[in-house]
Amino acid sequence: MSQTRSHTCGELRLEHVGQDVQLTGWVNRRRDLGGLTFIDLRDRYGIVQVVLDPQTVPELHAKSQEIRSEFVLFVKGKVSPRPEGMINKERVTGEIEVHASELDILSKAEVLPFTIHEETDATEALKLKYRYLDLRRPHLQRNLLLRHKMYSVIHRYLDQKNFVEIETPFLNKSTPEGARDYLVPSRVHPGKFWALPQSPQLFKQLLMMSGMDRYYQIARCFRDEDLRADRQPEFTQLDMEMSFATPESIFKIMEALFADIFQTVLDVTIQTPFPQMSYEEAMTSHATDKPDLRWDMPLTQLSQVFKNTSFRVFSEALSNHGEIRGVRIPKGESFSRKQIDQLTLIAKGCGAKGVVWMKKSQEKTSSSIDKFLSPDELSTLESLLKLEEGDLGLIVADQPSVARASLEALRNECIERLELKPKRPFAFTWVVDFPLFVWDDDESRFVSVHHPFTQPHPEDVSKLKNGEDLGSVRALAYDLVLNGYEIGGGSIRIHQPEIQSMIFQTLKLTEEDMKHKFGFFLEALKYGTPPHGGIALGLDRVAMILSGTQAIRDVIAFPKTQSALDLMAESPSTVDPRQLDELHLALKKPKA
RNA sequence: GCGGCGGUAGUUAAGCUGGUUAUAACGCCGGCCUGUCACGCCGGAGGCCGCGGGUUCGAGUCCCGUCCGCCGCGCCA
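The rules behind the values
- Each chain carries its own residue numbering, running from 1 in the written order of its sequence.
- Lettering for chains starts from A, numbering for ligands starts from 1, and both go in the order in which the items are written.
- Residues qualify for local features only when their pLDDT is at least 70, as the model is predicted, and side-chain atom pairs are given and counted only at 80 or more; totals for whole chains, interfaces and linings, by contrast, use all residues.
- Side-chain descriptors were evaluated using all non-hydrogen atoms of the structure, hydrogens and water having been removed beforehand.
- Strand pairing is assigned whenever DSSP detects at least two bridges linking the two strands.
- A run of DSSP states H or I qualifies as a helix once it reaches four residues; a run of E qualifies as a strand once it reaches two. Both are numbered from the N-terminal end.
- Pairs of residues are marked as contacts when any of their non-hydrogen atoms sit within 4.5 Å.
- Each axis is a line fitted through C-alpha atoms, taken for helices only over the stretch in contact, and angles between the N-to-C directions span 0 to 180 degrees.
- We call a set of buried residues a nonpolar core when its members are Ala, Val, Leu, Ile, Met, Phe, Trp, Tyr or Cys and they connect through side-chain atoms within 4.5 Å of each other.
- Exposure is judged per residue with a 1.4 Å probe applied to protein chains only, and the accessible area is read against the type maximum: over 50% gives exposed, under 20% gives buried, and values in between give partly exposed.
- Each residue carries a pLDDT score, the predictor's own confidence in it, on a scale running from 0 to 100.
- Oblique is the label for any angle not covered by the other classes, which are roughly parallel (under 35 degrees), roughly antiparallel (over 145) and roughly perpendicular (65 to 115).
- Take the far helix as the reference: if the near one is turned anticlockwise from it by less than a right angle, the crossing is left-handed, and if turned clockwise, right-handed.
- For this classification, Asp, Glu, Lys and Arg are treated as charged, while Ala, Val, Leu, Ile, Met, Phe, Trp, Tyr, Cys and Pro are nonpolar and the rest, including Gly, are polar.

(A) Layout of the sheet that holds strand E21 (residues 485-492). Judged by pairing direction, the sheet is mixed, and its 8 strands sit side by side in the order E6-E9-E10-E22-E21-E20-E17-E11 without closing on themselves. This sheet does not close on itself; its edge strands, each paired only once, are strand E6 (164-165) and strand E11 (276-278). Alignment of E21 against strand E22 (residues 532-538), held across 5 bridges, turns out to be antiparallel. When the sheet's bridge partners are listed, Gly-489 is paired in E22 with Ala-536. Along the sheet, helix H4 (residues 138-160) makes contact with E6, strand E9 (214-222) and strand E10 (234-243), crossing E9 at roughly 150°. On top of the sheet, helix H7 (residues 279-286) reaches E11 and strand E17 (428-432); it is set at about 80° to E11, its chief contact.

So, in structure tokens, the structure goes:
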């Protein structure tokens, strides 16, 4: 008789009563009452209670004395209803239990470094060292499952839309533009290196030139930059590209894809189409190109109002290249003087020198700077902040980065204190009309905001031709933002060699230089390139938001730490000198 | 590269301005217990106070360095 399972630990219900079942799983807990022993058997489907009764199965009960947490067991037994009053309503299998008639220990376990059940409070480092144990916890299993569901929707949906899944190489040519590459030395070609892809950008465009028309890939990408809570050095993106695409056609496909994902994975219906916001508006109203629109609490730009103000704090901030911004706190009027002082401390923690407040109550609007501002200034302020009765306005004047960080901290604190419910749990927005170039002081030239293959906005091509006001040239580029996270970005690409040359000239990149870096690609452009465009979605971040977690680690099976280490495998590691030799590499002597 | 916070039994934490034998909870081990489900009760074991230096009669505690974790800045076309 083979010890295979007939059921999983999560599926037994009252309807199975009377059946003989075979179960396998881990010991979640053993409760030994002396004369009677209970074992909670766990697998990824759930937990079921197994009963060992010395009256009926004395030898099994004796054997069970040896059982400890996380042993792997095989149990054969009969499903029985639980006695009156013994039903566990917390558990879906709580109305039944399995009375064991056979029991085998398939595998023993040493005492674990931390417990699997409940929300274990082991430190991050310990959990990462024993990631395989952490992954036994239902919480992480749920996240991985949810991620899997998202993938299956993507494959199904894009297949229906005629997209073709095509793999592109991991070993690529290094392009020093943009993020740092992970390099792989070539053994057969001394002194030469491969680079792991930062994204399959050029390949997907080449596939359009090949006539594949609609491409997608769930692609692993690598960037050798420092990590954040939402950033890993290797990450997964849904990479896609379409021939004859317009931004609108891409938006439509993405919106329907997200509607499908949220419906299937979370059973949540999201509103489409997504709202759009220009880059300029995002920066003015929200001080960021990835605004969190779950609350209607923008970080409004107020500098204009105070151009000629006599209030020294504001005028000095402005003359020091600072800015004045404010945020509306709904229902914030109830804050006491003391509470506002506490908020001020938070802003000071972010580097702000102070916080100006403004309250709108039934009778009047008052502020901490009534006597310094003209009635005109005060009423403009009130209307720009869109203060409603009962609201509080908080204003910070400082360097842009300080003003933004302070107000963001204030807003988050107030959301928490006032328990402000989000207007919408999932706030998508397209950010459009990004600038094509940004001035780089270090290199004293314009550099691409997105990448040098981005199509300029048709209305701005003349500026490009005349080389005037290049900072204001817009790109046909867009980001998809969800709840303050940039979850995707893309563009319409250049398909005309003349425009491509013009861009290179503007970027002060010589044809020769470009030939060396992207020669094959520029050549390909010449042989009949369809207009095309695409987008890449950061699937780890999407999975993170779907899971309701703030850490990207929680949706990746084997993540790296913030210093890009794998604590479990202890990598990266040193290698055998012979390996280095084969690769024609020598290590630098460490500095003394 | 930089800033903030943290590192003390297996685990999570407490340990105030330096001073007897470094606490607690959970876990672990042993005993008792037939309806538990975070079982209960009794008893016990368990410490390189991250690592290396220094100050001091004396350091978990103060100083310097270093490693690791988390959060952020720079960086991430």
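Moving on from the model shown.
(B) View of the nonpolar core. Grouped together as the largest cluster of nonpolar side chains are 47 residues, with contacts concentrated most on Met-150, Ile-154, Phe-258 and Phe-428. The element that contributes the greatest number of residues to this core is helix H6 (residues 247-266), accounting for 9 residues. With near-sequence residues (within four places) excluded, Phe-428 lies in contact with Phe-258, Phe-262, Ile-270, Phe-274, Pro-275, Leu-480, Val-481, Leu-482 and Ile-487. Listed in part, the 29 residues of the second largest apolar core include Phe-437, Val-461, Val-481 and Ala-524.

(C) Structural view of the confidence of the model for chain A. Residue-level pLDDT values for chain A average 93, and 99% of them are 70 or greater. Predicted complex, confidence summary: ipTM 0.93, pTM 0.94.

(D) Geometry of the packing of H4 against H6. As a packed pair, H4 and H6 sit with axes 9 Å apart at the nearest point and diverge in direction by 140°. Between H4 and H6, the angle is such that the two are oblique. In this structure, H4 meets H6 at a crossing whose hand is right-handed. Where H4 abuts H6, its residues Leu-146, Lys-149, Met-150, Val-153, Ile-154, Arg-156 and Tyr-157 lie against Ile-253, Ala-256, Leu-257, Asp-260, Ile-261, Thr-264 and Val-265. When grouped by side-chain class, the residues that make up the contact of H4 with H6 number 10 nonpolar, 1 polar and 3 charged.

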